[in-house]
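Observations on the three-dimensional arrangement
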Amino acid sequence: MSDLLARVTAFRAAFARRQAAETVELPGAFAVRDPEFSLSEEHNRLIVASADADPATLPELAAQSLGPRRRYRIAVLDETLGERATPALAAAGYGRDTELVLARETAGCALPETPAHPAELAKLRTAVLRQQLEWNPDEDVARQLTDRRRARLRGAEEVLFLAARTPEGEIAAWTDLYLDRTAGLAQLEDLVTATPHRGRSHGDTLLATGLALAAAVGIPHLFLLAAADDWPRTWYTRRGFTEIGRSHTFSGG
């Protein structure tokens, strides 16, 4: 594992711990729980950060630590362990999704001519909820996936919610930006352009703004996660990001 990937992995585990309402320490893993956002799998999952964890024990650890759930999520941050764990988890009824860890340097990055700006959650909520309702017909799920951003405020040294707007001032796209000067890392998460505003370079605006803000506070690297089997990975690659590793998320049980 490269030094950069090791720091990213440590940051991801620390972020999950800090934003959690409750944590449960387990052999080679830990669980995060949040009763306020019980329908958010991000906030109720088993996280395996140690390469030494025993794959055969993971389904039982998830069930014991998270209690009854419609579906369990297990995040395995080490790529090799994730590969080793796949047969045992598949036998227990889990499917696997692979995330690419993409990163690039921030040196020389400047704000675009019309940058995105930080937005208060209250002002962002309407646009995010509208998009979530388009994706999730279950209103309770859509509301929790919108409002869970409150918990993310605890996750890093500085958490910003960036919004790109139309010339008329309507919020067209948004993303989370996590800044951690101590770790020397920034992360972009949940970059979304609302359906009516796609194809107008709002994603580029958010990405360029995030890179510039990280550079301005002396953070040398920005990373993000992209699904291995979806088109955004190539979009980020064309914008200077390089794959530095992979992790796996298992869902089922």
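See the structure shown above.
In what follows, the accompanying structure is described. All of these numbers come straight from a predicted model, not from anything done at the bench.

Right, let's get into the side chain of Thr106. Turning to its location among the elements, Thr106 is positioned in the loop between β5 (94-105) and β6 (117-118). From its side chain, Thr106 meets the backbone oxygen of Ile219 in a polar contact 2.6 Å long.

Quick look at the pattern of salt bridges now. Throughout the structure, instances matching the rule amount to 20 salt bridges. Salt-bridge contacts for Glu22 lead to Arg33; the nearest nitrogen and oxygen are separated by 2.9 Å. You can see Glu22 sitting in strand β1 (residues 22-26) and its partner Arg33 sitting in strand β2 (residues 29-33), a full 11 residues away along the chain. Note on Glu22: relative accessible area 30%, which makes it partly exposed. For Arg143, the salt bridge goes to Glu139, with nearest N and O atoms at 3.1 Å. On the criterion of helical spacing, the pair formed by Arg143 and Glu139 is a turn pair, its members being four residues apart in helix α5 (residues 139-147). Among the residues examined, Glu139 registers a relative accessible area of 44% and is labelled partly exposed.

Positioned with a positive phi, Asp190 is a non-glycine residue whose angle comes to about 60 degrees. Along the polypeptide, Asp190 turns up in strand β9 (residues 185-193). Using a relative accessible area of 27% as the deciding quantity, one classes Asp190 as partly exposed. In this structure, Ser201 takes a positive phi of about 70 degrees despite not being glycine.

With that out of the way, let us pick up the sheet that holds strand β3 (residues 45-48). Strand order in the open sheet formed by 11 strands is β1-β2-β3-β4-β11-β5-β10-β9-β8-β7-β6, and the pairing between neighbours is mixed. Whereas interior strands pair on both sides, the edge strands pair on one side only; in this sheet they are β1 and β6. Pairing geometry for strand β8 (residues 171-180) and β9, over seven bridges, is antiparallel. Across the sheet, the residue bridging to Tyr178 is Gln187, located in β9. Packed onto the sheet, helix α7 (residues 202-216) meets β5, β7 (158-165), β8, β9 and β10 (221-227) and runs at close to 145 degrees relative to β7.

Definitions and cut-offs
- Residues numbered from 1 in each chain as written.
- Predicted model: local features only at pLDDT ≥ 70, side-chain atom pairs only at ≥ 80, totals over all residues.
- Heavy atoms only, no water.
- Helix = DSSP H or I, 4+ residues; strand = E, 2+ residues; numbered from the N terminus.
- Polar contact = N/O pair within 3.5 Å; in protein donor to acceptor, adjacent residues only side chain to side chain.
- Salt bridge = Lys/Arg side-chain N within 4 Å of Asp/Glu carboxyl O.
- Buried < 20%, exposed > 50% of the residue type's maximum accessible area, 1.4 Å probe, protein only.
- Pairing = 2+ DSSP bridges.
- Contact = heavy atoms within 4.5 Å.
- Axes fitted to C-alpha atoms, helices over the stretch in contact; angles between N-to-C directions.

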